[in-house]
Amino acid sequence: MAEVHLRAGGEAGLAHMVAGLIEANLDADPSRERLLSGRRGAVEIVVFDSGVTVGVTFVPGAVTVTDAPVPGADLRVATGADDLMALTTVPLRAGLPDPTTPAGRAVVAAMLRGRLRARGLPGGLGALRTLTRLLSVA
Amino acid sequence: MTAFGTQEWLEAYEARINASESYREAAASWEGAVAFVFEAEPDRGWPRTEHALLDLWHGECRSARLVSREEAEAAPFVIRAPLTRWQQVIARELDPVKGMMQGKLRLSGDLPTIVRHVRAAKELVDLAAAIPTEFPDES
């Protein structure tokens, strides 16, 4: 059973949301636990229009969500609140937004327009795919 | 003008929800009551916490009423915040999604369901914002 740890204060809404989403998705679909079986790495998510940052750290069998930046994160995703929500509902293909769908193309457009930026690719691609699959409600 | 958080205000809200085609479309697959907790701010003329329950079902609001704390907390989805935050949301000064991310609106319930219905949540806020509302320190 994969573990989800939350290290955040009560006012850290996004950290609670990210941890809650991951936990609910793992409960609903235990096959997603294999995403964490050999995964090590960290992703930092910055929601620039809300002034909120969370860190998501993977170790085999567990994920920890914090309400603070992660020094040395493999990947840093910076986006707005609405585009982050869109990232959780977009259909995925191989863990990335599926560009054959309208929602997938909307995410690609957000990247091209700078509303969604990912720093640390291609090295952080594995961590990104793990995160998107764990957060996905599509 | 209708006083915020009263039964009269909730009835106006219910009527607006049921008249909204865009909400009906956005919430077509939504099932479950949503409780709003308007937390006390005595220095703003809101002396005690009030609880409202919206029975929302497939794009329809079957009822909207003031309820007890126990009934509100038993709802599948609960959103709580002090009066000031609700006022900011209704005045469109605080986006509800950003408010949740910032912890200004505190949410409990099945998060995947909520995330799938973000557009419906925004429609609900727009409908609340359209009610001519008077807050306690404005009267």
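How each quantity is defined
- Residues numbered from 1 in each chain as written.
- Chains lettered and ligands numbered in written order.
- Predicted model: local features only at pLDDT ≥ 70, side-chain atom pairs only at ≥ 80, totals over all residues.
- Heavy atoms only, no water.
- Helix = DSSP H or I, 4+ residues; strand = E, 2+ residues; numbered from the N terminus.
- Buried < 20%, exposed > 50% of the residue type's maximum accessible area, 1.4 Å probe, protein only.
- Contact = heavy atoms within 4.5 Å.
- Pairing = 2+ DSSP bridges.
- Axes fitted to C-alpha atoms, helices over the stretch in contact; angles between N-to-C directions.
- Buried area = accessible area lost by both parts, 1.4 Å probe.
- Polar contact = N/O pair within 3.5 Å; in protein donor to acceptor, adjacent residues only side chain to side chain.

Q: Explain the environment of Glu3(A) here, please?
A: Residue and element names in this part refer to chain A. Checked against the element boundaries, Glu 3 lands in strand β1 (residues 3–7). The exposure class of Glu 3 is partly exposed, given its relative accessible area of 43%. In sequence terms Glu 3 and Glu 23 are 20 residues apart; their C-alpha atoms lie 8.2 Å from each other. If sequence neighbours within four positions are ignored, Glu 3 has contacts with Gly 61, Ala 62 and Val 63.

Q: Would you take a moment to explain the sheet that holds strand β2 (residues 31–39) of chain B for this structure?
A: Residue and element names in this part refer to chain B. In spatial order, the strands read β4-β3-β2-β5-β6; together these 5 strands make up an open sheet with mixed pairing. Every other strand in the sheet has two partners, leaving β4 (60–67) and β6 (106–108) as the edge strands with one partner each. On average, adjacent strands in this sheet sit at an angle of 15 degrees to one another, irrespective of strand direction. Relative to strand β5 (residues 77–82), β2 is paired through 6 bridges, and the arrangement is parallel. Looking at the pairing, Phe 38 lines up with Ala 81 of β5. Running at roughly 170 degrees to β4, helix α1 (residues 7–18) makes contact with β2, β3 (50–57) and β4 of the sheet.

Q: I would appreciate a short explanation of the interface of chain B and chain A in the present structure.
A: Frequently, the measure chosen for interface size is the accessible area that the parts lose on association. Facing 14 residues of chain B, the contacting portion of chain A comprises 21 residues. When the two sides are added together, the surface that chain B and chain A hide from each other amounts to roughly 1,400 Å², 69% of it contributed by carbon and sulfur. The three residues of chain B that bury the most area against chain A are Met101(B), Leu111(B) and Val115(B), which together make up 43% of that side's buried surface. Counting across the interface, chain B meets chain A through 5 residue pairs in polar contact (both at pLDDT 80 or more). For the side of chain B that touches chain A, the elements supplying multiple residues, two or more each, are α5 (96–101), α6 (111–116) and α7 (118–129) of chain B.

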